[in-house]
Amino acid sequence: MLTKEHIDDLLQRNGNVLSADGDKIGSVGQVYADDADGQPTWVTVKTGLFGTSESFIPLQGARLEGDDIVVPYTKDQVKDAPRVDTDGHLEPTEEDRLYDHYGIGGGTQTYADTTAGRDTDYAGTGTAGGFAAADDRATGDARGTVGHDTSGPTTDDAMTRSEERLHVGTEREATGRARLRKYVTTENVTQTVPVQREEVRIEREPITDANRADAMSGPDISDEEHEVILHEERPVVEKETVPVERVRLDKDTVTDQVTVDEEVRKERIETDGIDETRR
C-alpha cells in the first residue's frame, strides 16, 4: 500500500508505471492525494510521443517495485481511460468517470495534485492540497490572462499551434557477407606427342670384288649369330605450377530510392461562438 510518506520518494525517483504483467505503461507524472487525509490516491502516467499525454490511474492495489509503480491494470486499459485535465484538482464527477472505467467503487472526495505542493501539508490545510499556492508562486498573478492550457498552466491571449515535422536520415548496417574461397579440382588433359622407335630391316648385298675379302675372312662353314639393339621413345610427363591470374573482392556503392511513409501530428485551431461571416 502506498502512503503519503511515499509521495516525495515517488516524485524524486522519476520511475515508470508498469502493468501487472510487467509492460511499461509510461513514466510517472503527478501524484494526487486525498484532501482529507493526504494519502496518495491517484497517479498520472505520461504516455504518447514525448510523454505529451497523461492518464489517471488509481493507486488502489498498486505497489512499489524499485523505482517503479506496478498497477493492477493493463496498458490498453490505461490508454483508453477518460481524458481528465491535470490541472491540480480531481473533481467528483471526473473521479466517478475514472472509477467506472477501472471498474472499482469510488467516493465523492476531491483530490489535489501534490507534485507542485510538496513543501506544504499533504492533508490539504490552507489551499487545496497545497496546489493553488504553489501554482501562484510558479506563475505569478494570472488574473490578467485570458487563456487556460488544458495540459498545464494558464496562458496569455494567444494560442500556439504546433505540428510535427518528419526528419528522415539513414543508418548503416551490415546486410551480408561475401568471401573468396580457393579449392583444387582435377581434370584430364590430352596431348599428342611424336615418339620414335627402331625396327629391324634386312639388307642383302651380292659378293663383289669390293667385299670378297671380308666374306672369305671367316671359316668356311660355321655357326654364327649377330644381334642389333632396337630403341624406341616413350612419353615422359612432367608438371609445373605457374600463376595464371589474381582475383580480389571489391565493392561498388549503388543508390536506391526508398519511400518513407510515416504519420505526423498537426494541431488544428477551431473557433467556437464566432461569426465566421464577419471580418
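Just above sits the structure.
The structure contained in this document is the topic of the report that follows. Note that this is a predicted model, so its numbers are computed, not measured.

**Quick look at the nonpolar core**
Now for step 1: Ranked by size, the top nonpolar core spans 28 residues in total, and within it Ile57, Ile69 and Val71 carry the most contacts.
Now for step 2: Listing elements by their share of this core, those giving two or more residues are helix 1 (7–13), strand 2 (24–34), strand 3 (40–47), strand 4 (53–58) and helix 3 (92–102).
Now for step 3: Counting residues per element, this core draws most heavily on strand 2, at five residues.
Now for step 4: With near-sequence residues (within four places) excluded, Val71 lies in contact with Val17, Leu18, Ser19, Ala20, Ile25, Ile57 and Ala62.

**Notes on the environment of Arg197**
Now for step 1: Of note, Arg197 is situated in the loop between strand 10 (154–155) and helix 5 (212–215).
Now for step 2: Given a relative accessible area of 57%, Arg197 falls into the exposed group.
Now for step 3: Sequence separation between Arg197 and Arg234 is 37 residues; the distance between their C-alpha atoms is 8.9 Å.
Now for step 4: Apart from residues no more than four positions distant in its own chain, Arg197 is found in contact with His231 and Glu232.
Now for step 5: Separated by 3.0 Å, the side chains of Arg197 and Glu199 make a polar contact.

**Re the pattern of salt bridges**
Now for step 1: All chains considered together, the criterion is met by seven salt bridges.
Now for step 2: Notably, a salt bridge pairs Arg63 with Glu65, separated by 3.2 Å at the nearest N-O pair.
Now for step 3: Arg63 gets classed as partly exposed once you look at its relative accessible area, which sits at 43%.
Now for step 4: Across the salt bridge formed by Glu199 and Arg197, the nearest N and O atoms sit 3.0 Å from each other. Here the two residues Glu199 and Arg197 agree in accessibility, since each one is exposed.
Now for step 5: Overlapping salt bridges, with partners in common, bring together Arg161, Glu163 and Arg165 in one network.

**Digging into the pairing of strand 4**
Now for step 1: Most of strand 4 sits out of view: five of its six residues are buried.
Now for step 2: Both strand 3 and strand 4 contribute to a ladder of six bridges, which runs antiparallel. When the sheet's bridge partners are listed, Val45 is paired in strand 4 with Ser55.

About the criteria used
Residues numbered from 1 in each chain as written. Predicted model: local features only at pLDDT ≥ 70, side-chain atom pairs only at ≥ 80, totals over all residues. Heavy atoms only, no water. Core = buried A, V, L, I, M, F, W, Y, C linked by side-chain atoms within 4.5 Å. Buried < 20%, exposed > 50% of the residue type's maximum accessible area, 1.4 Å probe, protein only. Helix = DSSP H or I, 4+ residues; strand = E, 2+ residues; numbered from the N terminus. Contact = heavy atoms within 4.5 Å. Polar contact = N/O pair within 3.5 Å; in protein donor to acceptor, adjacent residues only side chain to side chain. Salt bridge = Lys/Arg side-chain N within 4 Å of Asp/Glu carboxyl O. Pairing = 2+ DSSP bridges.

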